[in-house]
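Residue strings, one per chain:
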Amino acid sequence: MRRLILANTTEFALIIVTILLCAGLSLGTDRFFTVSNAFDVLNVSAVNIIFAVGLLVVLISGGIDISFAVAASVVQYVTALAVAKLGGGNWAEGFIIAGAVGIGLGLINAFLVWRLKIISIVATISTFNIFFGLLMFFTKGVSIYNLPDWLSTRVVFYEHEMSDGSWIELTLPVVVMILCCIATWFMISRTTIGRQLYAFGDNPEGARRFGINIGAMHYLSFGWLGLMAGIAGLMQAHYAQEVVPNALYGRELDVLAATVLGGARLGGGKGSVIGCVLGVLLVSITQNGLNLMGVSPFAFKMVVGTIILIAITLSSTRFDKLLPSAMKSSNPTKSSRQGSVRQ
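Residues numbered from 1 in each chain as written. Predicted model: local features only at pLDDT ≥ 70, side-chain atom pairs only at ≥ 80, totals over all residues. Heavy atoms only, no water.

Undergrad: Could you clarify how one ought to interpret the overall build of the protein in this entry?
TA: Counting its regular elements, the protein contains 15 helices and two strands. Counting all 343 residues of the protein, 50% fall into the buried class. Put simply, the protein shows about 16700 Å² of open surface, and 65% of that area lies on carbon and sulfur atoms. (Helix = DSSP H or I, 4+ residues; strand = E, 2+ residues; numbered from the N terminus. Buried < 20%, exposed > 50% of the residue type's maximum accessible area, 1.4 Å probe, protein only. Areas by Shrake-Rupley, 256 points an atom, 1.4 Å probe, with all protein chains shown as cover.)

Shown next, in the form of structure tokens:
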């Protein structure tokens, strides 16, 4: 048990903080601790979680990207216009177009970082402004409300009316989010590519000497985030039933903070999908609880920032100091091996 906790310190810290937070919020409002509200939080969080698992791959590889939310806005608009040209389109065409455009925008970032040797944060700050400027210039800030039926009609896989009259719904964005999480987890945890990403993020020079294709790592990580951004943009358009050019503007910092909160290291070489999901959910649960309690939206950022600070502090605390002595292992060499084995 102790080894399991020490191997997943951040995840266990987030679970503890989330449980304590839910307990506190449930005392503030009786509407919070309900099944229907839990599904509401999940539905609202789906797009940000898709963003986060894409960003996780870039962070693991040692890079950083803050242009993905704007890229998703571009994808929304391009996809809406493209399917209109195709006579309305369908979900298959929508996913193909959104994914292709998203990957293309991600590869632009990879090209700037790998070929032009621009620091990733500088490159993506540039593309953030370029993408958004071009989007607003060509669209003139005009939203698209006349979407095809397949995109604007809500897709509900499961719904059930509770005894109190509320409804629980499992919607398409949540199902797509789950699939994106599984795909990302499989790639970084069960493939050679994933091990190479961790190795590259942890020690780029060592990875290069070991024969890992550094250029491929850049294109793969930024391309994966582009794919996730494209899918998230399509899901946001489906959820909102409209395409607003600046609807996703500003989400990048929230998602980045939640992903780092989930254990992803800005220096690269560390991070997990479960930690990433827990980080996003912790922020969403906080915002949801404060909203139900009638707290002013202007206080959201302050309170969420405090929660993130507390969670990161707890995740940095050595859990072996908090565990009962009965759970401590008698093996004195266990800590010396931790960190020598990477996912």
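Undergrad: Looking at this model, I keep getting lost on the pattern of salt bridges. Mind explaining?
TA: A side chain with one charge can pair with a side chain of the opposite charge if their charged atoms come near. Enumeration according to the criterion identifies four salt bridges in this entry. A salt bridge links Arg 154 to Glu 169; the nearest nitrogen and oxygen atoms lie 2.8 Å apart. Note that Arg 154 is positioned in the loop between helix H7 (149-152) and strand S1 (156-161) and Glu 169 in strand S2 (residues 167-171), a separation of 15 residues in sequence. The class of Arg 154 is partly exposed, set by a relative accessible area of 42%. Note that Asp 202 and Arg 265 form a salt bridge whose closest N and O atoms lie 3.2 Å from each other. Linking Asp 202 in helix H9 (residues 192-202) with Arg 265 in the loop between helix H12 (251-261) and helix H13 (273-292), this pair joins segments that are 63 residues apart in sequence. Residue classification places Asp 202 among the partly exposed positions, given a relative accessible area of 38%. Through salt bridges with shared partners, a single network forms among Glu 205, Arg 208 and Arg 209. (Salt bridge = Lys/Arg side-chain N within 4 Å of Asp/Glu carboxyl O.)

Undergrad: Help me understand the packing of helix H4 (residues 68-85) against helix H6 (residues 120-139) in this model?
TA: Helices that pack against each other are described as a pair by the angle of their axes relative to one another and the distance between those axes. Interhelical geometry of H4 versus H6 gives an angle of 30° and a closest axis separation of 9 Å. Judged by the inter-axis angle, H4 sits roughly parallel to H6. In this structure, H4 crosses over H6, and the sense of that crossing is left-handed. Note on element contacts: H6 touches H4 through Phe 128, Phe 131, Phe 132, Leu 135 and Thr 139, opposite Val 70, Ala 71, Ser 73, Val 74 and Tyr 77. Tallied by class, residues from the contact of H4 with H6 come to eight nonpolar, two polar and no charged. (Axes fitted to C-alpha atoms, helices over the stretch in contact; angles between N-to-C directions. Parallel < 35°, antiparallel > 145°, perpendicular 65-115°, else oblique. Left-handed = near helix turned anticlockwise from the far one by under 90°. Contact = heavy atoms within 4.5 Å. Nonpolar A, V, L, I, M, F, W, Y, C, P; charged D, E, K, R; others polar.)

Undergrad: I'm lost on the nonpolar core in this one. Help?
TA: Nonpolar side chains tend toward joint burial in soluble globular proteins. Counting residues in hydrophobic clusters, the biggest one holds 89 residues, and the most contacted among them are Ile 50, Phe 51, Phe 68, Ile 188 and Met 235. Looking at which element gives the most residues to this core, the answer is helix H3 (residues 35-60), with 14 residues. If we ignore the near neighbours within four places in the chain, the residues touching Phe 68 are Phe 51, Leu 55, Leu 225, Ala 229, Glu 252 and Val 255. (Core = buried A, V, L, I, M, F, W, Y, C linked by side-chain atoms within 4.5 Å.)

Undergrad: Even after reading the chapter, I still don't get the packing of aromatic side chains, so can you show me in this structure?
TA: Each aromatic ring pair is described using two quantities: the centre-to-centre distance and the angle formed by the ring planes. Tallying each qualifying case throughout the model produces six aromatic pairs. For the ring pair Phe 132 and Tyr 249, a centre distance of 4.6 Å and an interplane angle of 40° mean the geometry is tilted. One end of the pair, Phe 132, is in helix H6; the other, Tyr 249, is in the loop between helix H11 (214-240) and H12, and 117 residues separate them in sequence. Through pairs of rings, three or more aromatic residues link up here, namely Trp 91, Phe 95 and Trp 150. Seen from the ring of Trp 114, Lys 117 lies directly overhead, with NZ or CZ sitting 4.0 Å from the centre. (Phe/Tyr/Trp six-rings, centres within 6.5 Å; stacked < 30°, edge-to-face > 60°. Lys NZ or Arg CZ within 6 Å of the ring centre and 35° of its normal.)

Undergrad: Can you help me understand the environment of Ala 71 in this one?
TA: Following the sequence through the fold, Ala 71 ends up in helix H4. In this structure the C-alpha to C-alpha distance between Ala 71 and Gly 106, which are 35 residues apart in sequence, comes to 8.2 Å. Each residue touching Ala 71, except ones within four places of it in the same chain, is listed here: Leu 105 and Phe 131.

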